[in-house]
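# Structural characterization, general
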Amino acid sequence: MSKVYKNYINGKWQVSNSEETFENINPSNTKQVIGRFQKSNQIDINKAVAAAKNAQIKWRNTPAPKRGEMLFRAGELLLKNKDSLARDMTMEMGKVFKETGGDVQEGIDMAYYAAGEGRRLMGETVPSEMTNKFCMSVRMPVGIVAAITPWNFPMAIPTWKLFPALIAGNTVVLKPASDTPLSAVNLVKILEKAGFPAGVINLVTGTGEETGRPLIDHPNVNLVSFTGSTNTGSFVAEHCAKGMKKFSLEMGGKNAVVVMDDADLNSAVEGVLWGAFGTTGQRCTACSRVIVHEKVIKKFNDLLVAKASGLRVGDGLNGKIEMGPLINESQRQKVKKYVDIGIHEGAKLLTGGDYCHGKSFQNGFFFQPTVFGDVSPKMRIAQEEIFGPVLSVIPCNSLEQAVSIVNDSKFGLSSAIYTQDVNRAFKAIETLDTGITYINSSTIGAEIQLPFGGTKGTGNGHREAGSVGIDVFTEWKSVYVDYSGKLQKAQID
Ligand code: UN1
């Protein structure tokens, strides 16, 4: 019998009102059950939101530097437990151990960054139109934050939401993806140890329909911060709009690397491989299109295909493995469907394209690193987010053409260009319509001290992380102090 994990509500680990659980399995070995997690419903959500509400006033009155000290302690504990947290994460979602270590590290970085914010939380002071009057703005918490988080970064992304929310004085209810509840439990255990008071952080596991939906619709939730698919994101948007709630959405990408004819090709190939096949292509920032100058495309493809077909696929806990499995069977079928679409559209399959065959692969959701050549920009494989290890190579004949191909997308998260020419690099920075642009690096690898997010259909204009990551979790209050001792009329006197 596998271990049963509980919800965390009002400082207590407790079973769901449904008294039912769901299984969390290892995508590298589906015979291994990692644990059973609570199948929560409306009643659990009501309890979690009530706990968050009860804790609100005391928490917002706790001085921000004190809140920061707790986050700092959480960072220290994450660091101390980094290896075991990464191991658990590899077991529950498949990406290789080095990458899950990076995921935990991103949480550590965010803890220290947000802890420091506790001594800043800066507003503005500005001059008044009048004498004997003082003008300033201060940040206030929004209230109760619902964080709904995905499975591809099961620790980093919850920290991007929770830590800025907490430092700003909000209380939270976290609903993690049901493919990766263990990392969320691990994170909340660490926050509990770090000393956050009961009710400030609540964790409720379960499905989107039974658990996520009542959370989004709960009238006492003030803000929903969501990362995940475009479909679910628009559901969140509709429901929050109806309930007049704030919401921030971080959704899809169709990220591209441009390789110019003056690029260092070996370095470009390394970057593209890392961007396309790291996390088995399951990053919002994954490189799924590479737009290569026709003068170098033959050489580039040869180098790329040789390397991609040689990538070692398998269980991410094995140190020799370079690419883990997909998260679940339905994602694997979706990826296979896109391969069939690509073939049908007339793209040329250069390597991969199928499930991994052989005894060592039989119990996992493994898929071959896949590269399509001769892809034209309008094909579905070049337009739709696949979220798997499928890369499309698209030819171009100039920087202008490459940029227009990159920008011909409903998404706008991340882009990159490989070139040795500083003029081209700056032109790319100016014209690529994405929230993130890399020069001579891949589309992945954002650091938490800069804003993370995208243009167009990637989000709804907000950014996570960086100094602006706090914005969505705070309301501005403008304050006017009149010390003239008489009525002064703005715009009139
Ligand atoms: C995501 O793809 O959902 O920039 C997050 C990166 C990581 C975060 C990715 N630091 O690739």
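Since the model is a prediction, treat every value here as computed from it, not as a measurement.

## Some points on the site of the ligand
Around the ligand sit Glu 106, Asn 152, Phe 153, Ile 157, Trp 160, Arg 283, Cys 284, Thr 285, Ile 444, Gly 445, Ala 446 and Phe 452, and that is every residue in its neighbourhood. Between the ligand and Asn 152 there is a distance of 3.3 Å, counted from an oxygen atom to a side-chain nitrogen or oxygen. Note that an oxygen atom of the ligand is positioned 2.7 Å from one of the backbone N or O atoms of Ala 446. With the chains in place, 99% of the 320 Å² that the ligand exposes on its own is no longer accessible. Here the shell around the ligand is composed, by residue class, of 7 nonpolar, 3 polar and 2 charged. Each of domain 1 (7–251 + 459–478) and domain 2 (255–439) accounts for three or more of the residues forming the shell around the ligand.

## Remarks on the side chain of Thr 458
Tracing the backbone through its elements, the reader meets Thr 458 in the loop between strand 20 (455–456) and strand 21 (474–482). A distance of 2.9 Å separates a polar atom in the side chain of Thr 458 from the backbone nitrogen of Gly 412. With near-sequence residues (within four places) excluded, Thr 458 lies in contact with Leu 249, Glu 250, Met 251, Gly 252, Lys 410, Phe 411, Gly 412 and Leu 413.

## With respect to unusual backbone geometry
Look at Asn 132: it is not a glycine, yet its phi comes out positive at around 50 degrees. Among the structural elements, Asn 132 can be located in the loop between strand 5 (124–126) and strand 6 (133–141). Backbone geometry at Lys 456 places phi at a positive 50 degrees, although glycine is not the residue there. Considering the arrangement of structural elements, one finds Lys 456 in strand 20.

## Quick notes on the packing of helix 4 (residues 97–117) against helix 5 (residues 156–167)
In contact at an axis separation of 9 Å, helix 4 and helix 5 are set at 10 degrees when each is read in the N-to-C sense. Taken together, the axes of helix 4 and helix 5 are roughly parallel relative to one another. Along the contact surface, helix 4 presents Asp 103, Glu 106, Gly 107, Met 110, Ala 111, Ala 114, Ala 115 and Glu 117, while helix 5 presents Ala 156, Thr 159, Trp 160, Phe 163, Pro 164 and Ile 167. The residue makeup of the contact of helix 4 with helix 5, split by class, is 9 nonpolar, 2 polar and 3 charged.

## Things to note about the environment of Asn 202
By the element assignment, Asn 202 lies in strand 9 (residues 201–203). A residue is classified by how much of its surface remains accessible, and Asn 202, at 0% relative accessible area, is buried. Put simply, Asn 202 and Gly 275 are 73 residues apart on the chain and 34 Å apart in space, counted from C-alpha to C-alpha. Setting aside residues up to four positions removed in sequence, Asn 202 forms contacts with Tyr 8, Ile 9, Asn 10, Ala 48, Ala 51, Ala 52, Val 172, Val 173 and Leu 174. Here Asn 10 takes part through its backbone nitrogen, which lies 2.9 Å from a polar atom of the side chain of Asn 202.

## Examining the packing of aromatic side chains
The full count for this structure, using the stated rule, is 9 aromatic pairs. Geometrically, the ring pair formed by Tyr 8 and Trp 13 is tilted, given 4.7 Å between the ring centres and 45 degrees between the ring planes. With relative accessibility at 5%, the residue Tyr 8 sits in the buried group. On the basis of an interplanar angle of 65 degrees and a centroid distance of 5.3 Å, the ring pair of Phe 361 and Phe 366 is categorised as edge-to-face. Each member of the pair, Phe 361 together with Phe 366, is buried. Clustering of aromatic rings is evident, with ring pairs tying together Tyr 5, Phe 22 and Phe 37. The lysine or arginine in question, Arg 67, covers the ring of Trp 59, its NZ or CZ lying 5.9 Å from the ring centre.

## Regarding the pattern of salt bridges
Two side chains carrying opposite charge are able to pair once their charged atoms lie near each other. Evaluated as defined, the whole model comprises 23 salt bridges. One salt bridge in this structure joins Arg 283 and Glu 99, with 3.6 Å as the shortest N-O distance. Residue Arg 283 is located in the loop between helix 9 (265–277) and strand 13 (287–293), and its partner Glu 99 is located in helix 4; the two are separated by 184 residues in the primary sequence. Across this residue pair, the class does not change: Arg 283 and Glu 99 are buried. Among the salt bridges present, the one from Glu 270 reaches Lys 307, with a minimum N-O distance of 2.8 Å.

## Some thoughts on the pairing of strand 6
Residues Lys 133, Cys 135, Ser 137, Arg 139 and Pro 141 of strand 6 are buried on one face, while the alternating residues Phe 134, Met 136, Val 138 and Met 140, pointing to the opposite face, are not. Relative to strand 6, strand 5 runs antiparallel, the two being bridged by 3 bridges. When the sheet's bridge partners are listed, Glu 124 is paired in strand 6 with Ser 137. Counting the residues that bridge the hairpin from strand 5 to strand 6 gives 6 residues, and of these Asn 132 lies at a positive phi of roughly 50 degrees. Two strands pair when backbone bridges link them, and strand 6 and strand 21 are joined in this way by 9 bridges, in the antiparallel orientation. Looking at strand 21, one finds that Phe 134 is bridged to Val 481.

## Topic: the domain arrangement of the protein chain
Domain annotation for the protein chain reports domain 1 (7–251 + 459–478) and domain 2 (255–439). In this complex, domain 1 contributes 24 residues to the contact, which on the side of domain 2 involves 27 residues. Summing both partners gives a buried area of about 2,000 Å² for domain 1 against domain 2, and 61% of it is carried by carbon and sulfur. Looking only at domain 1, the three residues that lose the most surface to domain 2 are Ser 28, Glu 99 and Trp 151, adding up to 26% of its buried area. Along the contact surface separating domain 1 from domain 2 lie 7 residue pairs in polar contact (both at pLDDT 80 or more). Those elements that place two or more of their residues in the side of domain 1 that touches domain 2 are strand 4 (29–38), helix 3 (82–93) and helix 4. No other element matches the 5 residues that helix 3 contributes to the side of domain 1 that touches domain 2. Class assignment of the residues belonging to the side of domain 1 that touches domain 2 gives a composition of 9 nonpolar, 7 polar and 8 charged.

About the cut-offs
- Residues numbered from 1 in each chain as written.
- Predicted model: local features only at pLDDT ≥ 70, side-chain atom pairs only at ≥ 80, totals over all residues.
- Heavy atoms only, no water.
- Near = heavy atom within 4 Å.
- Polar contact = N/O pair within 3.5 Å; in protein donor to acceptor, adjacent residues only side chain to side chain.
- Areas by Shrake-Rupley, 256 points an atom, 1.4 Å probe, with all protein chains shown as cover.
- Nonpolar A, V, L, I, M, F, W, Y, C, P; charged D, E, K, R; others polar.
- Domains from an automatic or database assignment.
- Helix = DSSP H or I, 4+ residues; strand = E, 2+ residues; numbered from the N terminus.
- Contact = heavy atoms within 4.5 Å.
- Axes fitted to C-alpha atoms, helices over the stretch in contact; angles between N-to-C directions.
- Parallel < 35°, antiparallel > 145°, perpendicular 65-115°, else oblique.
- Buried < 20%, exposed > 50% of the residue type's maximum accessible area, 1.4 Å probe, protein only.
- Phe/Tyr/Trp six-rings, centres within 6.5 Å; stacked < 30°, edge-to-face > 60°.
- Lys NZ or Arg CZ within 6 Å of the ring centre and 35° of its normal.
- Salt bridge = Lys/Arg side-chain N within 4 Å of Asp/Glu carboxyl O.
- Pairing = 2+ DSSP bridges.
- Buried area = accessible area lost by both parts, 1.4 Å probe.

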